[in-house]
Amino acid sequence: MDTLMQSIVYAAHAYRERLCRTDSMEPFINHALNIVNFLIHRGGVENITWLAASLLSHIESHQFCNDEIRATLGTEVENLAFRVVVATKLKNYSLLGNDAKTVLLAECAFNMMCLRTMRLDKKTMTKYLEDAEDAVAQIGNVNDTLWTHYHDAVKMHKIKLD
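This is a predicted model, so every value here is computed, not measured.

We now examine the overall build of the protein chain. Secondary structure summary: the protein chain contains eight helices and zero strands in total. Helices and strands appear in the protein chain in the N-to-C order α-α-α-α-α-α-α-α. Taken over the C-alpha trace, the protein chain has a radius of gyration of 15 Å; the compact-globule value for 162 residues is 15 Å, and the two agree within 12%. Counting every position in the protein chain, which comprises 162 residues, the buried fraction comes to 44%.

Our next topic: the packing of aromatic side chains. Any pair of aromatic rings gets described here by the distance separating the centres and the angle formed by the planes. Following the criterion strictly, the structure yields two aromatic pairs and no others. Both rings, one in Tyr 15 and one in Phe 28, keep their centres 5.0 Å apart while their planes meet at 75°; by these two values the pair is edge-to-face. Taken together, the residues span a long stretch of sequence, with Tyr 15 in the loop between α1 (3-14) and α2 (28-41) and Phe 28 in helix α2 at a distance of 13 residues. Of the two residues examined, Tyr 15 and Phe 28, each falls in the buried class. Between the NZ or CZ atom of Arg 18 and the centre of the ring of Phe 28, over which it lies, the distance is 4.1 Å.

In this structure, Asn 143 sits in the loop between α7 (122-139) and α8 (144-161). Asn 143 has contacts with Gly 43, Val 45, Thr 102 and Leu 105, leaving out every residue within four places of it along the chain.

The next subject is a nonpolar patch on the surface. On the surface, Phe 82, Val 86 and Leu 90 cluster together into a nonpolar patch covering about 260 Å² of accessible area. The residue Leu 90 is located in helix α5 (residues 75-90) in this model. With a relative accessible area of 62%, Leu 90 lands in the exposed category.

Moving on, we come to the nonpolar core. Counting residues in hydrophobic clusters, the biggest one holds 51 residues, and the most contacted among them are Tyr 15, Leu 56, Tyr 93, Met 112 and Tyr 150. Every element with two or more residues in this core is listed here: α1, α2, α3 (48-56), α4 (66-73), α5, α6 (98-114), α7 and α8. If one sorts the elements of this core by residue count, α6 sits on top with 10 residues.

Cut-off values and rules
- Each chain has its residues counted from 1, following the order in which its sequence is written.
- Per-residue local features are limited, in this predicted model, to residues with pLDDT of at least 70; the limit for side-chain atom pairs, both in listing and counting, is 80 or more; totals at the level of whole chains, interfaces and linings are taken over all residues.
- Values shown for side chains rest on all heavy atoms present in the structure; no hydrogens or waters enter the calculation.
- By definition, any uninterrupted DSSP run of H or I lasting at least four residues is a helix, any uninterrupted run of E lasting at least two residues is a strand, and each is numbered from the N terminus.
- Our radius of gyration looks at C-alpha atoms and nothing else; its globule reference is 2.2 Å times the residue count to the power 0.38.
- Any residue under 20% of the maximum accessible area for its type is buried, any over 50% is exposed, and the rest in between are partly exposed; the area is computed with a 1.4 Å probe on protein chains only.
- Stacked, edge-to-face and tilted are the three classes for Phe, Tyr and Trp ring pairs, Trp counted by its six-membered ring, which pair at centre distances within 6.5 Å; planes under 30 degrees apart are stacked, over 60 edge-to-face, the rest tilted.
- Both a distance and an angle decide whether a charge sits over a ring: NZ of Lys or CZ of Arg must be within 6 Å of the ring centre and within 35 degrees of the ring normal.
- Should any heavy atoms of two residues lie within 4.5 Å, those residues are counted as being in contact.
- Nonpolar side chains (Val, Leu, Ile, Met, Phe, Trp, Tyr) within 5 Å and like charges within 9 Å form the patches, drawn only from residues with over 30% relative accessible area and no salt bridge.
- In short, Shrake-Rupley with a 1.4 Å probe defines the accessible areas, and a residue's cover is counted only from the protein chains shown.
- Criterion for a salt bridge: a side-chain nitrogen of Lys or Arg within 4 Å of a carboxyl oxygen of Asp or Glu.
- The definition of a nonpolar core used throughout is a set of buried Ala, Val, Leu, Ile, Met, Phe, Trp, Tyr and Cys residues joined through side-chain atoms within 4.5 Å.

So this is what it looks like as structure tokens:
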């Protein structure tokens, strides 16, 4: 089984009890797979390691088993996914390489586009936007297409909040 398929299986197991915070309450694995699809089709990313790490980047740090991921998916995927998880937890993205920053920028862009389906009050939505703006400011423009998608989605939500 190739790395991407193995990461899908691993992520599906890790997210098996988790639901999206959207109106549909669909399984969280759908969200993770949509981000990978977004990375490929909107961001032009073809690096299998980046795509595999993206699938694992929402695993809670207490569930993140480095040895198991390394044995199943390899050191490269484990290392990148872990860096993304830790940076997200610490909200410190500035020291990440372009690989991790691209994964995170895609997640920010995709999540901004999905905000309209989440049940958030104005205060929570504002906080979510502020956190995303802080993250993207640290990440920087590592992919022009993803950068544009992110900023277009943010503009739409800011107009909605005003």
